[in-house]
Amino acid sequence: MSNPQSYHDAISTFHSAIDCEQAGNNREAYKKYSNGLALIGNILKEDVDVISKPVVNVHKHLLEFAKKSTDRLLHILENSGSDFENSLSDKDNSRLSAYAELSKTLPEIITGKPAMPLNFSEVEGYTSPLSFLEAENKRTVKVYEKRMGSLINESEKASLHLELERRLAENEALARRRHDEWEKQRELLAAECNLLAQQKFDIQNKIRNGHVNDADITKQNLYAASLQFNKEHNWANELSKKIENSSNDEKFLKKTLTYLLQHASYPLACMLRKTQEKVLHKLTKLVTKPPPNNEEEKLVLEEHFKNIAQDIKEDLFILLNVIQALWELLGNEHNQNLIIDVLHHLYFPSVKPYLIRLLRVILRKEEEKLLQAMQGNSALTMHYPTQLNPIIGKLHQLSMMHSPTTMLILLVDTLKSFISINSYMDPNQNLPSLSISIDDLMPKLIHLILVSNMSTLPVEIKFVENFMPAKKALGEEGYAVTLFQSVLSYIYEEYSSVQA
């Protein structure tokens, strides 16, 4: 790797060349610009086998000076007359020609705009000192252009132009130094956050015991990136403190978590989008294929669905764990349900339509059987009680919802409303209860489904069953899903005609 002193020599040579040009000594300026380019070339050549992030940053800086040097060399040749040109040696002319060609292919001047993030730990939004360079240079140029506009003497204008070049070079050099210091601070902070993440998820012990997995590493990286983001951005740090102090304010927590999970730069939001894109890519390939022609192909499709569903649940579980690790006061069951609700509302709107299309292919026969049962008992629709209309309306709302948790709430509410109009009440409660005899409820639910005219119900119930929170499976929510599944299975297999 090249000596760091070589870097300073190259920059110093560039500044000396500007001084010579400003003094009217174009021949000496030409030599110094050329020498500076030679130094930069040697640095690039020596570093060619040790490319790394710090080296790349230095090279970008050097190439900017190389480009400006080449521009000034061309300017000198174009404005110094044939006598100056003829005084150049063949070696000088050959070098200049090569650099003139190089100048056409160099990257545009770096403006400090953030690079596209490679992953959720390299997100945009960090305020690098370079991000102010473009605006500062524009202000500087504007001031000098105004001064040059008031001058008549061309020599004075040329001198002022060279002064501007020097000022811009100094601005860039200063911004680069500040940027390097800023990068060092960020690297130290990243190391600190990574260490805290390792401790939070007990990574080192898991590695020693051979129990670490990909999910553990993802949690560590996501936690570290989010923690660093909070520390580097005042607004995120303030919101983080408010979350800690508002763990009982459900409305505030929902609003704030939703904001963070939708923010373009926030690591949690980047992770959420990344998982959505991954799943959508898989689903798009599956739903565009021809439907299965036999039972074996159907089983393969079911296996694909199960794997995708498992991926979704694991990804959401990682996000849940990291959110609770960032804000430990959200670790209780109530707040856990709140976080899951927010995640579902943000994750599933773009994914559910594809999942439903896939499920409809898998459950095509079941959907056809239900439709046949409805058509075979169409007389029922002429005689069902009008009290069922609101309940049937709620069932149809399932297909318009995207969040499994919201659909689950609606399903339980639908079942309670249905029980209520049939006078099933728990004597110890004012609200309808689901703890009633299934023998009493089954025939009435069969009747409800047959008159609902909702042949897609099997698909919606299957969707809820696959993505409902695991802890809900043992409560009344799980009971409601199981009950509807049981009724549908009965209709598929046993029910061919129903009397009113």
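Source: prediction; values computed, not measured.

**What to know about helix α9 (residues 214–232)**
An α-helical turn contains 3.6 residues, so any two residues separated by three or four positions project in the same direction.
Okay, step 1: Taking 1.5 Å of rise per residue, 19 residues should cover 27 Å, and α9 covers 27 Å from first to last C-alpha, within 8% of that figure.
Okay, step 2: All of the buried residues along α9 are Asp216, Lys219, Gln220, Leu222, Tyr223, Ala224, Ala225, Ser226, Leu227, Gln228, Phe229 and Asn230.
Okay, step 3: Elements that come into contact with the buried residues of α9 comprise α7 (154–200), α8 (203–209), α10 (234–245), α12 (267–287) and α13 (295–326).
Okay, step 4: Regarding α9, its N-cap is Asn213, as a side-chain oxygen of that residue lies 3.1 Å from the backbone nitrogen of Ala215 further along.

**Section: the packing of helix α15 (residues 364–376) against helix α18 (residues 438–452)**
Okay, step 1: For the pair α15 and α18, the least separation of the axes is 8 Å and the interaxial angle reads 90°. In terms of their interaxial angle, α15 and α18 are classed as roughly perpendicular. Two secondary-structure elements touch here, α15 through Leu370, Ala373 and Met374 and α18 through Ile449, Leu450 and Ser452.
Okay, step 2: Of the residues that constitute the contact of α15 with α18, the class distribution is five nonpolar, one polar and no charged.

**Some details on the environment of Ser16**
Okay, step 1: When you line up the elements, Ser16 lands in helix α1 (residues 4–22).
Okay, step 2: The class of Ser16 is partly exposed, set by a relative accessible area of 24%.
Okay, step 3: In sequence terms Ser16 and Gly36 are 20 residues apart; their C-alpha atoms lie 9.7 Å from each other.

**Concerning the environment of Pro458**
Okay, step 1: Note that Pro458 resides in helix α19 (residues 457–467).
Okay, step 2: Since its relative accessible area comes to 3%, Pro458 is described here as buried.
Okay, step 3: For the pair formed by Pro458 and Leu363, sequence separation is 95 residues and the distance between their alpha carbons is 7.6 Å.
Okay, step 4: When near neighbours in sequence (up to four residues on either side) are disregarded, Pro458 contacts Leu363, Leu370, Leu488 and Tyr492.

**Re a nonpolar patch on the surface**
Okay, step 1: On the surface, Ile207, Val212 and Ile217 cluster together into a nonpolar patch covering about 200 Å² of accessible area.
Okay, step 2: Its location among the elements puts Ile207 in helix α8.

**Things to note about α13**
Okay, step 1: Between its first and last C-alpha atoms α13 spans 47 Å; for 32 residues at 1.5 Å apiece the expected length is 46 Å, and the two agree.
Okay, step 2: The N-capping residue of α13, defined by a side-chain oxygen 3.2 Å from the backbone nitrogen of Glu296, is Asn294.

**Some thoughts on the pattern of salt bridges**
Okay, step 1: Enumeration over the complete set of coordinates arrives at 15 salt bridges.
Okay, step 2: Lys472 is the partner of Glu477 in a salt bridge, and the nearest nitrogen-oxygen pair spans 3.7 Å.
Okay, step 3: Glu477 sits in the buried class, given a relative accessible area of 18%.

**Some remarks on the confidence of the model for the protein**
Do not read the fine detail of predicted coordinates wherever pLDDT is low.
Okay, step 1: Mean pLDDT over the protein works out to 80, with 79% of the residues at or above the 70 mark.
Okay, step 2: The model gives residues 102–125 a pLDDT under 50, and that stretch makes 37 contacts with residues more than four places away or in other chains.
Okay, step 3: In the model, residues 496–500 has pLDDT below 50 throughout and makes eight contacts with residues more than four positions away in sequence or in other chains.

**Some remarks on the packing of α9 against α13**
In a pair of packed helices, the angle between the axes and the distance between the axes together describe the arrangement.
Okay, step 1: Viewed as axis vectors pointing N to C, α9 and α13 meet at an angle of 45°, and their least axial separation amounts to 10 Å. Put simply, α9 runs oblique to α13. In terms of crossing hand, the pair formed by α9 and α13 is right-handed. Along the contact surface, α9 presents Ala215, Thr218, Lys219, Leu222, Tyr223, Ser226 and Leu227, while α13 presents Phe317, Ile318, Leu319, Asn321, Val322, Ala325 and Leu326.
Okay, step 2: A class-by-class count of the residues in the contact of α9 with α13 yields ten nonpolar, three polar and one charged.

**Concerning the nonpolar core**
Okay, step 1: Ranked by size, the top nonpolar core spans 98 residues in total, and within it Leu268, Ile312, Trp327 and Leu355 carry the most contacts.
Okay, step 2: Sorting elements by how many residues they give to this core places helix α14 (residues 333–362) first, with 14 residues.
Okay, step 3: With near-sequence residues (within four places) excluded, Leu355 lies in contact with Leu283, Phe305, Ile308, Ile312, Phe348, Phe463 and Phe467.
Okay, step 4: By size, the runner-up hydrophobic cluster in this structure holds 17 residues, among which are Tyr33, Leu37, Ile40 and Leu62.

**Description of the packing of aromatic side chains**
Here the distance between the centres and the angle between the planes together describe a pair of aromatic rings.
Okay, step 1: Summed over all chains, the structure comprises nine aromatic pairs.
Okay, step 2: For the pair Tyr347 and Phe348, a centre-to-centre distance of 5.2 Å together with 75° between the ring planes defines the contact as edge-to-face.
Okay, step 3: Overall, the relative accessible area of 0% leaves Tyr347 in the buried class.
Okay, step 4: Ring geometry for Phe463 and Phe467: centres 5.2 Å apart, planes at 55°, overall tilted. Of this pair, Phe463 and Phe467 both sit in helix α19, four residues apart, which is roughly one turn of the helix. Taken as a pair, Phe463 and Phe467 share a single burial class, namely buried.

Basis of the calculations
Residues numbered from 1 in each chain as written. Predicted model: local features only at pLDDT ≥ 70, side-chain atom pairs only at ≥ 80, totals over all residues. Heavy atoms only, no water. Helix = DSSP H or I, 4+ residues; strand = E, 2+ residues; numbered from the N terminus. Expected span 1.5 Å × (residues − 1). Buried < 20%, exposed > 50% of the residue type's maximum accessible area, 1.4 Å probe, protein only. Contact = heavy atoms within 4.5 Å. Polar contact = N/O pair within 3.5 Å; in protein donor to acceptor, adjacent residues only side chain to side chain. Axes fitted to C-alpha atoms, helices over the stretch in contact; angles between N-to-C directions. Parallel < 35°, antiparallel > 145°, perpendicular 65-115°, else oblique. Nonpolar A, V, L, I, M, F, W, Y, C, P; charged D, E, K, R; others polar. Patch = residues over 30% accessible without salt bridge, like charges linked within 9 Å, V, L, I, M, F, W, Y side chains within 5 Å. Areas by Shrake-Rupley, 256 points an atom, 1.4 Å probe, with all protein chains shown as cover. Salt bridge = Lys/Arg side-chain N within 4 Å of Asp/Glu carboxyl O. pLDDT = per-residue confidence, 0-100. Left-handed = near helix turned anticlockwise from the far one by under 90°. Core = buried A, V, L, I, M, F, W, Y, C linked by side-chain atoms within 4.5 Å. Phe/Tyr/Trp six-rings, centres within 6.5 Å; stacked < 30°, edge-to-face > 60°.

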